[in-house]
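Residues per chain, in single letters:
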Amino acid sequence: MGLLTGKTALVTGAARGIGKAIALKFAAEGANVAFTDLVIDENGQATEAELNALGVKAKGYASNAADFAQTEEVVKQVHADFGSIDILVNNAGITKDGLMLRMSEAQWDAVINVNLKSAFNFIHAVVPIMMRQRGGSIINMASVVGVHGNAGQANYAASKAGMIALAKSIAQEMGPRGIRANAIAPGFIETAMTAQLSDEVREEWKKQIPLRRGGQTEDVANTALYLASDLSSYVSGQVIQVDGGMNM
């Protein structure tokens, strides 16, 4: 018996990277997994196959998380296909970095819509299901820059700070219904995105981290597993920084 046996998880933006690592971790612990991405391409199909190979039910859904109507429809479909939604991980996100003086309205809107509005969309659609089930766990993927800010990432930092405040607000609203909400704030995690940075930049990052290394997607997935499972049944409204001690 895994920690999540009998539960259904919905993970957004999970065809690759941290989202995929979380989906795989949940499946390995017995959860059935529905996941979304903008399109279900070769990456999404490969993720679906890997999940199914773990002996659970898994399916990928093409959906624009920033679109309210699409989100309502995909959640209805997931609920119909799986019968329940016990865990929601709002992981879909993008970056469009730039200094404020050069940032366009389009850059701002795109990041806020994909990162923050998408979380509202999915929580709005999933909460009625969790209320009827009298329980559930909602996990918002934030970032250390949502806690401390970052020059050149005003849009991204604002969206991730919003994810934290959103989780805390939902924790207060939905606690009486047995629904928990928390946020995870990863630091420097080794992903395809960070692999594109120069060695010099990567080494400078590591000097700021007490553990002197970047984190792995597995580190974030382990924290998500804790928050999704009954191990954290009395934990709600919290933000856990997974950053090697970079921001204390």
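Details of the structure are given in the entry above.
A quick note: this is a predicted structure, and the numbers were derived from the prediction, not measured. Residue indices follow the written sequence of each chain, beginning from 1 at its first position. The predicted origin of the model limits local features to residues at a pLDDT of at least 70 and limits the giving and counting of side-chain atom pairs to 80 or more, whereas totals for whole chains, interfaces and linings rest on all residues. In computing side-chain properties, one takes all heavy atoms of the structure into account and sets aside hydrogens as well as water.

**Points about the packing of helix H1 (residues 17-28) against helix H9 (residues 217-228)**
At step 1: Every axis in this analysis is a line fitted to C-alpha atoms, fitted for helices over the stretch in contact. Angles between the N-to-C directions lie between 0 and 180 degrees. Helix and strand definitions follow DSSP, with helices as H or I runs of at least four residues and strands as E runs of at least two, each counted in order from the N terminus. Remark: H1 packs on H9, axes separated minimally by 8 Å, with the N-to-C direction vectors making an angle of 50°. With respect to H9, the axis of H1 lies oblique. As H1 packs across H9, the resulting crossing turns out to be right-handed. Residues Gly17, Ile18, Ala21, Ile22, Lys25 and Phe26 of H1 form the contact with H9, whose participating residues are Thr217, Glu218, Val220, Ala221, Asn222, Ala224, Leu225 and Ala228.
At step 2: Split by residue class, the contact of H1 with H9 holds nine nonpolar, three polar and two charged. Roughly parallel means an angle under 35 degrees; roughly antiparallel, over 145; roughly perpendicular, 65 to 115; everything else is oblique. Left-handed describes a crossing in which the near helix is turned anticlockwise from the far one by less than a right angle; the clockwise case is right-handed. Residue contacts follow a heavy-atom distance rule, with two residues in contact if any of their heavy atoms lie within 4.5 Å. Under the grouping applied here, Gly and all other residues not named as nonpolar or charged are polar, the nonpolar ones being Ala, Val, Leu, Ile, Met, Phe, Trp, Tyr, Cys and Pro and the charged ones Asp, Glu, Lys and Arg.

**Looking at the pattern of salt bridges**
At step 1: By definition, a salt bridge exists where a carboxyl oxygen of Asp or Glu is found within 4 Å of a side-chain nitrogen of Lys or Arg. In the structure shown here, the tally under the stated rule is 10 salt bridges.
At step 2: A salt bridge links Lys25 to Glu218; the nearest nitrogen and oxygen atoms lie 2.8 Å apart. In this pair, Lys25 sits in helix H1 while Glu218 sits in helix H9, placing the two residues 193 residues apart along the sequence.
At step 3: When a residue's accessible area, from a 1.4 Å probe over protein chains only, is under 20% of the maximum for its type it is buried; when over 50% it is exposed; and in between it is partly exposed. We classify Lys25 as buried; its relative accessible area is 16%.
At step 4: Across the pair Lys76 and Glu73 runs a salt bridge whose closest N-O atoms are separated by 3.7 Å. Of this pair, Lys76 and Glu73 both sit in helix H3 (residues 68-82), separated by three residues, roughly a single helical turn.
At step 5: The exposed category is assigned to Lys76, whose relative accessible area is 53%.
At step 6: Shared partners join several salt bridges into a network, and the residues in it are Arg16, Asp37 and Asp41.

**What to know about the packing of aromatic side chains**
At step 1: Aromatic contacts are taken between Phe, Tyr and Trp rings whose centres are within 6.5 Å, Trp giving its six-membered ring; a plane angle under 30 degrees counts as stacked, one over 60 as edge-to-face, and the others as tilted. All chains considered together, the criterion is met by two aromatic pairs.
At step 2: Look at Phe68 and Phe120: their rings are 6.0 Å apart centre to centre, the planes differ by 20°, and that puts the pair in the stacked class. Here the residue Phe68 occupies a position in helix H3, and Phe120 occupies one in helix H4 (residues 105-133), the gap between them amounting to 52 residues.
At step 3: Relative accessible area serves as the criterion here: at 32%, Phe68 is assigned to the partly exposed category.

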